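Descriptive structure summary
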Amino acid sequence: MDKFHSLRAFAKVVETGSFARAADRLDVSVSAVSRQVADLEAHLGARLLNRTTRRLSLTESGQAFYERCVQLLADLEEAEESVTASAAVPRGTLRLTASISFGVRHLASAVADFGARNPQLRFDIELSDRAVDLVDEGIDLAIRVGDIGSQAVIARRIGVAQLICCAAPSYLAHRAPPRTPDDLRDHACLTYAYASGGNVWPFADADGRVRKIEVESGTHANNGAMLAALAIAGAGITLAPDFIVAPDVRDGRLVALLADYASPAIPINAVYPSRRHLSAKVRAFVDYLVARYADDPEWRL
């Protein structure tokens, strides 16, 4: 049994959720992938996958083995990079995760541009507003807005987002705009499920004094773009990052509120596991993002 190819086939089946998709990604036949996984299970003397006609799932042993397998494959790739003449050239697959709104609106163009400059590099991207476990899910790099997570990670600042309190002209046509943060208690507010402060919105006055206002949630959602769309439709007031709502404010679809009060800036970080060697592909892409977002990002008002 070729252990490397069997490990790679098994990992790809788990990542893609099917033997056919794994075979397509590895550019081999489905029968070859099936044989490699079967050989691996025979070698280990344990079933790794539960197979039905509709879906695949990991067994308990398979889950534990997959987590180690992903790390072994990543370590092998990085070991190869560290001793080859092309170690400084981004190549291989970069597994990347980011929030849905930032990923679609801003990261997609960065990935396309960087990929065109580095044709030996392939991206595998997962967009999710939840905090993905980088080690357990074999992720090389995460772009996180705000909290970087509690796990052992290293973070590098690539930009800053500013929260904007805003609502649509249609909403403000029949509701008096809030003059102070306290006035928000009398409004329908659109709240974000993953906000670290929950339904408590912070504002600082001209003297730097911070007020934290617990708002009444008219609608609660787990995606910032959804909340922005609801605000544009007149459903209420939202407190959203400028990388989501700045274009809508510039074009008049939303109106910025509480101009005399500042909402906190939120760091945008590139995050990777602290126990993993920083490979050429990760280092190069993070350097690129730092440079790309350093001067006057497109989302600024």
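In this convention, every chain numbers its residues from 1, walking through the sequence in written order. Selection of residues for local features in this predicted model requires a pLDDT of at least 70, selection of side-chain atom pairs for listing and counting requires 80 or more, and totals for whole chains, interfaces and linings are taken over all residues. The side-chain quantities take in all heavy atoms of the structure and omit both hydrogens and water.

Re the overall build of the protein
Helix and strand labels come from DSSP, where a helix needs a run of H or I of at least four residues and a strand needs a run of E of at least two; each type is numbered from the N terminus. Each helix and strand in the protein was counted, giving nine helices and 13 strands. Once the C-alpha set of the protein is aligned to its principal axes, its extents read approximately 70 × 45 × 30 Å. Here the protein holds 301 residues, and 44% of them are scored as buried. In the protein, the proportion of contacts linking residues at least 24 apart, taken out of those at least 6 apart, comes to 75%. With 34 positive and 37 negative side-chain charges, the protein shows a separation of 3 Å between the mean positions of the two kinds. The rule is simple: take the accessible area with a 1.4 Å probe, protein chains only, and divide by the maximum for that residue type; under 20% is buried, over 50% is exposed, in between is partly exposed. Here, residues are in contact when the closest pair of their heavy atoms is within 4.5 Å. Just so you know, the count uses Lys and Arg for positive and Asp and Glu for negative, and it drops His and the chain ends. To locate a charge, the coordinates of NZ of Lys, CZ of Arg, CG of Asp or CD of Glu are taken.

Digging into the packing of aromatic side chains
Only centres within 6.5 Å qualify two rings of Phe, Tyr or Trp (six-membered ring in Trp) as a pair; their planes then separate them into stacked at under 30 degrees, edge-to-face at over 60, and tilted for everything else. All chains considered together, the criterion is met by 13 aromatic pairs. Between Y192 and Y194, the aromatic rings sit 5.9 Å apart at their centres with planes inclined by 80°, giving edge-to-face as the arrangement. Accessibility expressed as a relative area gives 26% for Y192, which makes it partly exposed. Members of the aromatic cluster, each reached through a chain of ring pairs, are F102, F243, Y293 and W299.

Comments concerning the nonpolar core
Residues belong to a common nonpolar core when they are buried Ala, Val, Leu, Ile, Met, Phe, Trp, Tyr or Cys residues joined through side-chain atoms within 4.5 Å. With 55 residues, the main nonpolar core has L107, L141, I143 and F285 as its most contacted residues. Top contributing element to this core by residue count: strand β6 (residues 153–167), with seven residues. Excluding its chain neighbours within four sequence positions, the residues that come into contact with I143 are L96, T97, A98, S99, F102, L107, I158, I268, N269, A270 and L289. With 18 residues, the next largest nonpolar core counts F19, L26, V33 and L40 among its residues.

Examining a nonpolar patch on the surface
A cluster of nonpolar residues, I100, V104, I125 and L127, forms a patch on the protein surface that exposes about 310 Å² of accessible area. Counting residues per element, the ones that place at least two in the nonpolar patch are α5 (100–117) and β4 (121–127). With respect to the helices and strands, the residue V104 is situated in helix α5. By definition, no residue in a patch forms a salt bridge, and every one has over 30% relative accessible area; like charges are joined within 9 Å, nonpolar side chains (Val, Leu, Ile, Met, Phe, Trp, Tyr) within 5 Å. Areas reported as accessible are Shrake-Rupley estimates using a 1.4 Å probe. Residue values count occlusion only from the protein chains shown. Criterion for a salt bridge: a side-chain nitrogen of Lys or Arg within 4 Å of a carboxyl oxygen of Asp or Glu.

Examining the packing of helix α1 (residues 3–16) against helix α2 (residues 19–26)
To define axes, lines are fitted to C-alpha atoms, for helices over the stretch in contact only, and angles between the resulting N-to-C directions are given on a 0 to 180 degree scale. Packing of α1 against α2 leaves a shortest axis separation of 8 Å and a crossing angle of 120°. For the element pair α1 / α2, the angle class is oblique. For the element pair α1 and α2, the recorded crossing hand is right-handed. In this structure, α1 contributes R8, A9, K12, V13 and T16 to the contact, and α2 contributes F19, R21, A22, R25 and L26. Residues are grouped as follows: Ala, Val, Leu, Ile, Met, Phe, Trp, Tyr, Cys and Pro are nonpolar; Asp, Glu, Lys and Arg are charged; all remaining types, including Gly, are polar. Across the contact of α1 with α2, the residue classes tally to five nonpolar, one polar and four charged. In these notes the angle categories are as follows: under 35 degrees is roughly parallel, over 145 is roughly antiparallel, 65 to 115 is roughly perpendicular, and the rest is oblique. Handedness of each helix crossing follows the sense of rotation of the near helix against the far helix: counterclockwise by less than a right angle gives left-handed, clockwise gives right-handed.

Things to note about the packing of helix α7 (residues 224–232) against helix α8 (residues 242–250)
In a pair of packed helices, the angle between the axes and the distance between the axes together describe the arrangement. One can describe the packing of α7 onto α8 by two numbers: an axis separation of 10 Å at closest approach and a directional angle of 25°. Classified by the angle between their axes, α7 and α8 sit roughly parallel to one another. Crossing of α7 over α8 shows right-handed handedness. For the pair α7 and α8, the contacting residues are G224, A225, A228 and I232 in the first and I244, V245 and D248 in the second. Its residues assigned to classes, the contact of α7 with α8 shows five nonpolar, one polar and one charged.

So, the pairing of β4
Relative to β4, strand β3 (residues 92–98) runs parallel, the two being bridged by seven bridges. Its bridge partner lying in β4, A98 is registered against L127. Think of it like this: strands point away, you trace from the first strand over the helix to the second, and a clockwise trace means the crossover is right-handed. Crossover β3 to β4 through α5 is right-handed. Two strands are counted as paired when DSSP detects at least two bridges linking them.

A look at the pairing of strand β11 (residues 237–241)
For β11, a buried count of five out of five residues is recorded, marking the element as mostly surrounded by other parts of the structure. Alignment of β6 against β11, held across four bridges, turns out to be antiparallel. Paired with C166 across the two strands is T238, which belongs to β11. In this sheet, β11 lies alongside strand β7 (residues 189–192) in parallel orientation, the contact comprising two bridges. Following the sheet pairing, C189 is matched in β11 by I237.

A short note on the side chain of D248
Relative to the helices and strands, D248 is located in helix α8. Take D248: its relative accessible area is 8%, and that puts it in the buried class. Within the structure, the side chain of D248 is placed 2.8 Å from the side chain of R253, a separation counted as a polar contact. D248 has contacts with R105, I232, R253 and L254, leaving out every residue within four places of it along the chain. Polar contact is the term for a pair of N or O atoms within 3.5 Å; when the atoms are in protein, one must be able to donate a hydrogen and the other to accept it, and sequence-neighboring residues count only if both atoms are side-chain atoms.

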